[in-house]
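So the chains spell out like this:
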Amino acid sequence: MKYKAVVFDMDGTLLDTLADLADAMNRVLAEHGFATHPVDAYRHFVGSGANRLVARALPADRQDEDLRALCLQSFLREYEAGWRNKTCLYEGVPELLDALAARKIPMAVLTNKPQAFAELCMREFLSRWDFTLTLGQMPGVAVKPDPAGPRQVIRHLGVQPEEILYLGDTDVDMFTAVNAGMYPVGVLWGFRPERELLDAGAAVILRHPMELVSLLD
Ligand SMILES: O=C(O)COP(=O)(O)O
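Being a predicted model, the structure only gives us computed values, none of them experimental. (Residues numbered from 1 in each chain as written. Predicted model: local features only at pLDDT ≥ 70, side-chain atom pairs only at ≥ 80, totals over all residues. Heavy atoms only, no water.)

**Details of the environment of histidine 208**
Defined as follows: Each helix corresponds to a stretch of at least 4 residues labelled H or I by DSSP, and each strand to a stretch of at least 2 residues labelled E; elements are numbered beginning at the N terminus. Any pair of N or O atoms that falls within 3.5 Å is considered a polar contact. Within protein, one atom must be able to donate a hydrogen and the other to accept it, and sequence-neighbouring residues count only if both atoms are side-chain atoms.
By the secondary structure assignment, histidine 208 is in the segment after strand S8 (204-206). Side chain to side chain, histidine 208 and glutamate 91 meet in a polar contact 3.4 Å long. Within the local environment of histidine 208, its side chain forms a polar contact with the backbone nitrogen of methionine 210, the two atoms lying 3.1 Å apart.

So this is what it looks like as structure tokens:
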């Protein structure tokens, strides 16, 4: 078998978190008297960490540092209050994780979600499965697509980068896989379109989670 481990992105790949993220940020925007965004707009705001989500959601002419920092704190507070209201596993993900577990394939999560929320989500939605590591965004550590996070995950898994399938739903995820030497697998059930994933280097595109299993044979 060519591939020995699977690393997953979280938001838009394992979990549909879009509505809870959007609701939290829209509450912050409303609090400041700014226009809110439709939930679908957040498909393009999520993926590069909470800092970038806040900056992308704020009005273009209100990007001053202090306001961004204040809104980031408010966003984290609001998200803490509502992170599991509408969030759920994508259809087919439990079956895929069961299939990987049955084959004893080591699994890990690498996400730009703040570490504390990544851990909460793992406990709430993914505790049935054994993950070697969950690595989220931490202060002072560069977010994906920087290769620092992937290197840490690869070390923990104890396999070569080219033996790892990295599944993600955004261009950032594909760049992350390419930068770290992992095999970039784009998924279409998440937040972004196929064209973006292909342009960012996706080697293969999945329409349903169980399609991953054929890459392991
Ligand atoms: O940007 C985020 O907050 C999370 O994004 P990711 O799980 O797709 O890395």
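**Remarks on the pairing of strand S1 (residues 5-8)**
Keep this limit in mind: Residue exposure (1.4 Å probe, protein chains only): buried if accessible area is under 20% of the type maximum, exposed if over 50%, otherwise partly exposed. Being paired, for any two strands, means DSSP has found at least two bridges between them.
Of the two faces of S1, both are covered, the one formed by Ala5 and Val7 as well as the one formed by Val6 and Phe8. In this sheet, strand S6 (residues 164-168) lies alongside S1 in parallel orientation, the contact comprising four bridges. Within S6, the residue paired with phenylalanine 8 across the bridge is leucine 167. As paired strands, S1 and strand S4 (residues 107-114) are joined by three bridges and run parallel to one another. Across the sheet, the residue bridging to valine 6 is methionine 107, located in S4.

**Regarding unusual backbone geometry**
What is expected of a backbone is that most residues other than glycine have negative phi and most peptide bonds are trans. The omega torsion of the bond from lysine 144 to proline 145 falls at 15°, within 30 degrees of zero and hence cis. Note that proline 145 resides in the loop between strand S5 (133-137) and helix H6 (148-157). The backbone phi angle of lysine 104 is positive, close to 60°, even though this residue is not glycine. Structurally, lysine 104 is set in the loop between helix H4 (93-102) and S4.

**Let's talk about the sheet that holds S4**
To keep things clear, this is the line we draw: With axes taken as lines fitted to C-alpha atoms, and helix axes fitted only over the stretch in contact, angles between N-to-C directions fall between 0 and 180 degrees.
With parallel pairing, six strands are arranged side by side in an open sheet as S5-S4-S1-S6-S7-S8. Among the strands making up the open sheet, the edge pair consists of S5 and S8. Between one strand axis and the next, the sheet turns by 25° as a mean value, whatever way the strands run. In the sheet, S4 pairs with S5 via four bridges, with the strands oriented parallel. Residue leucine 110 lies in a different strand from S5, and its bridge partner there is leucine 135.

**Considerations on the site of the ligand**
Short version of the rule: Throughout, near means a residue has at least one heavy atom within 4 Å of the molecule or strand. Per-residue and other accessible areas follow the Shrake-Rupley method at a 1.4 Å probe size, with only the shown protein chains counted as cover for residues. Cavities and pockets were defined on a 1 Å grid built from protein atoms only: a cavity is a group of points that admits a 1.4 Å probe but offers it no way out, a pocket is an open group of points flanked by protein on both sides within 12 Å along at least five of seven lines, and a lining residue is one with an atom within 4 Å of any such point. Should more than half of a molecule's atoms lie within 2 Å of a pocket's or cavity's grid points, that molecule is taken to sit in it. Ten residues, namely Ala, Val, Leu, Ile, Met, Phe, Trp, Tyr, Cys and Pro, are considered nonpolar, four, namely Asp, Glu, Lys and Arg, are considered charged, and the remaining ones, Gly among them, are considered polar. Residue ranges for the domains originate in an automatic or database domain assignment.
As a structural note, the neighbourhood of the ligand is formed by Asp9, Met10, Asp11, Val46, Gly47, Ser48, Gly49, Thr111, Asn112, Lys113 and Lys144. The contact in question runs from an oxygen atom of the ligand to an N or O atom on the side chain of aspartate 11, over 2.7 Å. At 3.2 Å, a backbone N or O of serine 48 approaches an oxygen atom of the ligand. Taking 280 Å² as the accessible area of the ligand by itself, protein coverage stands at 98%. Counting atoms within 2 Å of the grid points, the majority share of the ligand lands in the largest cavity. Its residues assigned to classes, the shell around the ligand comprises two nonpolar, five polar and four charged. Here the shell around the ligand spans two domains, and each of domain 1 (5-16 + 87-216) and domain 2 (18-82) adds at least three residues to it.

**A closer look at the packing of aromatic side chains**
Spelled out, the test is: Centres within 6.5 Å are what make two rings of Phe, Tyr or Trp a pair, Trp counting through its six-membered ring; a difference in plane orientation under 30 degrees is then read as stacked, over 60 as edge-to-face, and the rest as tilted.
For the structure shown, the criterion picks out six aromatic pairs. Considering the side-chain rings of tyrosine 3 and tyrosine 183, the 5.1 Å spacing of their centres and the 40° angle between planes classify their relative orientation as tilted. A residue pair is termed long-range when its members are at least 10 positions apart, and tyrosine 3 in the segment before S1 and tyrosine 183 in strand S7 (residues 183-187) qualify at 180 residues. The interplanar angle of 90° and the centroid separation of 6.3 Å between the aromatic rings of tryptophan 83 and phenylalanine 125 together place this pair among those described as edge-to-face. Linking tryptophan 83 in the loop between helix H3 (65-82) and strand S3 (88-89) with phenylalanine 125 in helix H5 (residues 115-125), this pair joins segments that are 42 residues apart in sequence. Neither residue differs from the other here; tryptophan 83 and phenylalanine 125 are each classed as buried.

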